[in-house]
Structure formats: C-alpha cells, structure tokens
Amino acid sequence: YPLARGLMLEFQKCCFLQAQGDQEALSLGGSIAMMGALLSNKFIGRLGAFDITPNVYILNLGHSSFGKELSQRLLTDFLADSGVLGAGSYRSSSAIIHGLSQQQERLDIMDEASAFLGAMSSDNTYQTEMLEVLSGLFSKANSRFLGITSIAHGKNMGACWNPHVSLFASTTPAGFKASVKRGMQAKGLMPRFFTFIQELKVNYRRLTIDDFKKIEDSKRELQRQINRFFEIPKIKHPEFKENLAVPMGTRYSPCVILFTEEAEDLFHEMADRKST
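Parameters at a glance
- Residues numbered from 1 in each chain as written.
- Predicted model: local features only at pLDDT ≥ 70, side-chain atom pairs only at ≥ 80, totals over all residues.
- Heavy atoms only, no water.
- Buried < 20%, exposed > 50% of the residue type's maximum accessible area, 1.4 Å probe, protein only.
- Helix = DSSP H or I, 4+ residues; strand = E, 2+ residues; numbered from the N terminus.
- Pairing = 2+ DSSP bridges.
- Core = buried A, V, L, I, M, F, W, Y, C linked by side-chain atoms within 4.5 Å.
- Contact = heavy atoms within 4.5 Å.
- Polar contact = N/O pair within 3.5 Å; in protein donor to acceptor, adjacent residues only side chain to side chain.

Enquirer: Hey, could you go over the pairing of strand E9 (residues 164-171) for me, with residue numbers and the actual values?
Expert: Remark: a regular strand shows side chains that alternate across the two faces of the sheet. With eight of its eight residues buried, E9 lies for the most part within the structure. A two-sided burial pattern is seen for E9, the buried positions comprising His164, Ser166, Phe168 and Ser170 on one face and Val165, Leu167, Ala169 and Thr171 on the other. For strand E3 (residues 57-62) and E9, the ladder comprises five bridges, and the chain directions are parallel. What sits directly across from Leu59, in E9, is Ala169.

Enquirer: Any chance you could break down the nonpolar core for me, citing the residues and the numbers?
Expert: Phe11, Met34, Leu38, Leu75, Leu79 and Leu107 are the most contacted members of the largest nonpolar core, which totals 30 residues. Going through the elements one at a time, helix H1 (6-19), helix H2 (24-39), helix H3 (70-78), strand E4 (105-110) and helix H8 (209-230) are the ones with two or more residues in this core. Not counting the four nearest positions on each side in its chain, Leu79 is found in contact with Ala37, Leu38, Val84, Leu85, Leu107, Ile226 and Phe230. One finds Ala119, Leu131, Val133 and Leu134 within the second-largest nonpolar core, a separate group that totals 29 residues.

Enquirer: Tell me what's going on with the side chain of Asn41, and back it up with residues and numbers.
Expert: Positionally, Asn41 belongs in the loop between H2 and strand E1 (43-47). Among the polar contacts made by the side chain of Asn41, one reaches the side chain of Glu105 at a distance of 2.5 Å. For Asn41, the side chain forms a polar contact with the side chain of His164, separated by 3.3 Å. Setting aside its immediate chain neighbours within four residues, Asn41 contacts Gln104, Glu105, Ala141, Asn162, His164, Lys234, Tyr252 and Pro254.

Okay, structure coming up:
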C-alpha cells in the first residue's frame, strides 16, 4: 500500500509510532475514514458530470494481535469532542437514521464487524432493511435522503439533506471469510466498502521514554491539525429553505475541488478495470 500525503500521512506516521512498526494497510484505511469525517459537507471532488463526495465505507482486515483496533482507537480519541462520532453497532434501520438531521456528518466506528457483515447475506427482513438504508445513504450525500416509513415513527423518519454517514469497520480474515458469501456483491452494500488487508504482523518492542514523547508530540500536532478542519465553515445552499413540517437538517453547497489529470486518469483506469 502507498503512503498518503498531508494530514493523512501524519495520521499514518502516528499509527507507526504507536505500533512501533509499519501499518500500511490499517493506517491507510483509518486515514481515509478520518478525511471522510473531516471533509463532509465542506468539500466535494468533481470529475466531469460526477460529484465525488467524501463519505466512505472502510473495512480493515487483520489477524488478532495485528493492531487493527489502533487506528479506530486513535480516531475515537481525536474526534471525541467533534460531534461527528456515531454508533458502534446497528440493531435496526431506524437506529441508523435516528437523529440524522441533527447529525448530518457522522463517522460510525465498528469493531469486530463479522456479525454486521454476516447480516448482508441474511434474508431476515429487518436486517435486509438495515442494509438497504445504508446503501441508500451512501449515494445521497450530495442530495437528500427521503427517510423511511414505519408504524412506530410514521412517515419520513430520518429524512435529511446531505447525509454524510461514513463507516469504519474492522474484523479478522477468518471473520470475513465466515461472514461474506459469494453473491453478496449483488446486494449493493458490500461493493461500497473499500477494504484494506494487513498481511504482516507488527514486530512489537519495548517502548522507551523517548518513544512515548514522540508519540505524544505526534498526537498533539495531529489533534491541532484536525481541529483546524473543524474550523472550516460549511456553506448553506443558496436555495435552502428550512422545512418545519419535516425537519431535514441543512442543505449545503460544498466547495468543489477538480481532479488533477493524474487522478482523473487513475479514476478512469480503475473504472475500466472494474467493468472488465
């Protein structure tokens, strides 16, 4: 896996220091999940006629003792006071979208997600509904989610403009193999996950006082940079009018960032590869 750049690289370096070894896969997954939370409703990428929104579904895979929980724990600490941390597990579709219009930008961090992955192949009605809601939310970040109707909550539950829900999950390769079955790519949710596999175990060693100082300095500087992103204002859409009858949060008009020629070529190369 490549090293990232900028703030994402600083996050990876922080993971390396804490693990005392390379975590190319797991730290890269964590850095992308972090940026999904920081950029939501503030920036979008534009590629031709397509808007690329920063909400992401990330899955980290690593054996026990490989340190797959490290990037999740760091993100939980860095984002503790940000208001963007969401759920650690799901029990129903209504739980996923409850309060969505009050928390339009959200990062759900899910540890040991094999049970969640297994739900994707289930024929259970409530689990199927839960996965359909997550699939729908993924593609609604640049428009609006119309919510669901239920006997308990009535119409338009969870209706929301620009819902940026990102998911950062982890499990072991064994848990993944036991949960994910052939044919799940046809169900909509699994193909939306960007998966990272840590194949090499970190060689742990005893930390020195100097190591602890470097870790704390790295975390302090990273927290400062993360806080700067939360100071960037979100811009309301010029045509936004609040609907008091059906509260849907705020409609935003994120700043557009054009792809570089290199990134655009890579995007088309990956799209061609997927189509074949």
